[in-house]
Amino acid sequence: MQAWILNVISEQRLSAKTKANVVKTLLFIVCLLPLIYLVWGLLTDNLGANPVETLTRSSGLWALRFLLITLLVSPIRWYTGLTAIVKYRRMLGLYAFFYASVHMLLYLGLDQLFDIQDIWKDILKRPFITVGFISFILLLPLVMTSTNKMMKRLGGKRWKRLHRLTYVIATLSCVHFLMLVKADIREPIIYMILLSFLFSIRLFHSLNKKKLVSR
Amino acid sequence: KPFVDVSKSPFSTDEEKTDFESITTYNNFYEFGTSKQDPAINATAFPDSSQPWKVVIDGECDKPGTYDYEDLIKPFTLEERIYRMRCVEGWSMVIPWIGFPLADLLKKAQPNSNAKFVEFTTLYDPKQMPGQRRAVLDWPYVEGLRIDEAMNPLTLLSVGLYGKELLGQNGAPIRLVVPWKYGFKGIKSIVRIRFVEEMPQTAWMKANAREYGFYSNVNPDVDHPRWSQAKERRIGEFLKRKTLMFNGYGEQVADLYAGMDLKRYF
């Protein structure tokens, strides 16, 4: 009897790797919820009078939110000691790209009907489209170098430096948001404040690290 | 209160009407909040029925006056006008308005020869209009038309839609409808109509003169500085359709702008 109980317990005590996999699967599903919510809303006609606008806006907002969440991983690691969470950063970053792609496809398809000439004109002519387009393009090298293999090939230092592009992308995304608003700039300003907070933590952290080194 | 015996109009389009639900839940009416859903939520009790709605008509005219809403509309025959409505943001609707030509009212006030423009003002009452507690725009909302635009038979003062009295979110109790101009020219919940000699400074011109001009005629060839005006999304449709010059009302209004550079006077 006792042996049987011990056996069950040891089976239940999952290895660190399986645990991480369980968390990853859960996280994967959680990150997919905004999309599920939107598709469900679309199918049940619950996205308001202008569903395409709701879809475009929401997917763009979720891309920006995932960028900010991704940038939150390092600060959490530094100040809580939860070093393991860095394992989940790649998925968060890729989700930012995923929602940005949905956002982009809606614009290309439902706004511009995939008319390459119209799209190109729009990108050149309208600054907020230009800014949004650049920030999407800048995501591509990060996605392409997101695999373990590419990480190794680039080397930690260079990889890290390349992935600092996230700062530029997040900034451009906020600017893109600010530029499309007609009069009420409250919402984009909130995102800009959140982003500057994330930047300040990094600055504070790197200054502290330098102090430690020079001591 | 439904309107009965409303006559039809030859100016009506036979395009498919946008559903009542969309017309009354997807609104730009910053006096009640800046999101599209805000007005339907915040304007349910608007206008306060305990305060009689008054409209002042004054300025360069021989018969100025202040009217109770009921007295103001009593002399006029109401008709249904099914008009396209194109928002400057790139979406459009087809709305069955109930109303009467603005010209009928203006003529009664007998404008004098100095009356070159007509200026309209929305109610300013932050108690009833919570959006006015923030300075998103320079309140109260002001709009204007050139006198010949105001006298054009298409220009409508609307008091209802889909046969019913206007709801708060649509600009109750009385609003302007100018179907060949972007929707924001159709000022809502009007309390003052004034004949003036100088071109009025409108709320959106004050907010951003580079982006919102006095004329604001629907024009697929003159883009908004931040987005194209060549296409629009008809509410209820997924793909965009081409925007028509003067929103398809060129036959009635193109003459008003003969010889004018519409890129300059946007």
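Above this text sits the structure in question.
Residues numbered from 1 in each chain as written. Chains lettered and ligands numbered in written order. Predicted model: local features only at pLDDT ≥ 70, side-chain atom pairs only at ≥ 80, totals over all residues. Heavy atoms only, no water.

Before going further, it helps to examine the interface of chain B and chain A. With 26 residues of chain B at the interface, the matching set in chain A holds 24 residues. Here chain B and chain A share an interface that buries about 2100 Å² over both sides, 52% of which is from carbon and sulfur atoms. By the criterion of area lost to chain A, the three top residues of chain B are Arg226, Arg233 and Phe238 of chain B, representing 29% of everything that side buries. Put simply, chain B and chain A have seven salt bridges between them. We note a salt bridge from Glu89 of chain B to Lys182 of chain A, for which the minimum N-O separation is 2.9 Å. The tally of links between chain B and chain A comes to 12 residue pairs in polar contact (both at pLDDT 80 or more). Looking at the side of chain B that touches chain A residue by residue, the classes come out as 12 nonpolar, six polar and eight charged. (Contact = heavy atoms within 4.5 Å. Buried area = accessible area lost by both parts, 1.4 Å probe. Salt bridge = Lys/Arg side-chain N within 4 Å of Asp/Glu carboxyl O. Polar contact = N/O pair within 3.5 Å; in protein donor to acceptor, adjacent residues only side chain to side chain. Nonpolar A, V, L, I, M, F, W, Y, C, P; charged D, E, K, R; others polar.)

Together, Asp45 of chain A together with Glu16, Asp19 and Glu21 of chain B line one region of the surface with negative charge. When you line up the elements, Glu16 of chain B lands in the segment before helix H1 (20-25). (Patch = residues over 30% accessible without salt bridge, like charges linked within 9 Å, V, L, I, M, F, W, Y side chains within 5 Å. Areas by Shrake-Rupley, 256 points an atom, 1.4 Å probe, with all protein chains shown as cover. Lys, Arg positive; Asp, Glu negative; His and termini not counted. Charge placed at Lys NZ, Arg CZ, Asp CG, Glu CD. Helix = DSSP H or I, 4+ residues; strand = E, 2+ residues; numbered from the N terminus.)

With 113 residues, the main nonpolar core has Phe120, Ile174, Leu176, Trp180 and Ile193 of chain B as its most contacted residues. A per-element tally of this core places helix H4 (residues 89-111) of chain A first, with 10 residues. With residues near it in sequence (within four places) discarded, Leu176 of chain B still touches Leu102, Phe120, Leu145, Thr155, Leu156, Leu157, Lys185, Gly186, Ile187 and Ile190 of chain B. Ranked by size, the runner-up nonpolar core spans six residues in total, among them Leu38, Val52, Leu55 and Leu106 of chain A. (Core = buried A, V, L, I, M, F, W, Y, C linked by side-chain atoms within 4.5 Å. Buried < 20%, exposed > 50% of the residue type's maximum accessible area, 1.4 Å probe, protein only.)

This part takes up the pairing of strand E3 (residues 79-86) of chain B. Residues and elements named next belong to chain B. Of all eight residues in E3, eight are buried; the element is thus mostly enclosed. Alternating positions in E3 separate into two faces, Glu79, Arg81, Tyr83 and Met85 on one and Glu80, Ile82, Arg84 and Arg86 on the other, with burial throughout. Here E3 pairs with strand E4 (residues 91-101) via eight bridges, running antiparallel. Residue pairing across strands places Ile82 opposite Pro96, the latter belonging to E4. Hairpin connection, E3 to E4: the antiparallel pair is bridged by four residues, and Gly90 has positive phi, about 105 degrees. (Pairing = 2+ DSSP bridges.)

All chains considered together, the criterion is met by 27 aromatic pairs over all chains. Look at Phe29 of chain B and Phe32 of chain B: their rings are 5.0 Å apart centre to centre, the planes differ by 75 degrees, and that puts the pair in the edge-to-face class. Given a relative accessible area of 3%, Phe29 of chain B falls into the buried group. Accessibility expressed as a relative area gives 0% for Phe32 of chain B, which makes it buried. A cation sits over an aromatic face here: Arg65 of chain A above Trp62 of chain A, 4.5 Å from the ring centre. Lys188 of chain B extends its terminal NZ or CZ atom over the ring of Phe29 of chain B, reaching a point 4.9 Å from the ring centre. (Phe/Tyr/Trp six-rings, centres within 6.5 Å; stacked < 30°, edge-to-face > 60°. Lys NZ or Arg CZ within 6 Å of the ring centre and 35° of its normal.)

Residue and element names in this part refer to chain B. By the element assignment, Gly59 lies in strand E1 (residues 54-59). With relative accessibility at 40%, the residue Gly59 sits in the partly exposed group. Separated by 185 residues in the primary sequence, Gly59 and Leu244 place their C-alpha atoms 35 Å from one another. Contact partners of Gly59, with chain neighbours within four places excluded, come to Arg194 and Phe195.

What follows is about the pattern of salt bridges. Overall, the coordinates contain 28 salt bridges over all chains when judged by the stated rule. Between Asp118 of chain A and Lys231 of chain B there is a salt bridge, with its nearest N and O atoms 3.4 Å apart. Taken together, the residues span two chains, with Asp118 of chain A in helix H5 (residues 116-125) and Lys231 of chain B in strand E11 (residues 231-234). Look at the salt bridges and you will find they share partners, linking Glu15, Arg84, Arg86, Glu232, Arg234, Glu237 and Arg241 of chain B into a network.

A word on the pairing of strand E10 (residues 190-196) of chain B. All names here are of chain B. Among the seven residues that make up E10, five are buried, leaving the element largely enclosed by the rest of the structure. Across six bridges, strand E5 (residues 117-122) lies against E10 in antiparallel orientation. Bridging from a neighbouring strand, Phe117 pairs with Val196 of E10.

As a further point, take the side chain of Asn217 of chain B. Residue and element names in this part refer to chain B. Tracing the sequence through the fold places Asn217 in the loop between helix H6 (203-207) and E11. Taking the relative accessible area as the measure of exposure, Asn217 reaches 7% and is therefore buried. One polar contact links Asn217 to Trp180, side chain to side chain, over a distance of 3.2 Å. Only 3.3 Å separates the side chain of Asn217 from the side chain of Tyr257, close enough to count as a polar contact.

This part is about the environment of Ile193 of chain B. All names here are of chain B. Within the secondary structure, Ile193 is located in strand E10. For the pair Ile193 and Met85, spaced 108 residues apart in the sequence, the C-alpha separation amounts to 22 Å. Not counting residues within four places of it along the chain, the set of residues in contact with Ile193 comprises Val55, Val56, Ile57, Asp58, Leu105, Leu106, Val118, Glu119 and Phe120.

Further remarks concern the sheet that holds E10 of chain B. Residues and elements named next belong to chain B. Judged by pairing direction, the sheet is mixed, and its five strands sit side by side in the order E2-E1-E10-E5-E6 without closing on themselves. Each edge of the open sheet is held by one strand with a lone partner, namely strand E2 (65-68) and strand E6 (142-146). Neighbour to neighbour, the strand axes of the sheet diverge by 15 degrees on average, direction disregarded. Sheet contacts for helix H4 (residues 102-109): E1, E5, E6 and E10; angle to E10, the most-contacted strand, approximately 60 degrees. (Axes fitted to C-alpha atoms, helices over the stretch in contact; angles between N-to-C directions.)

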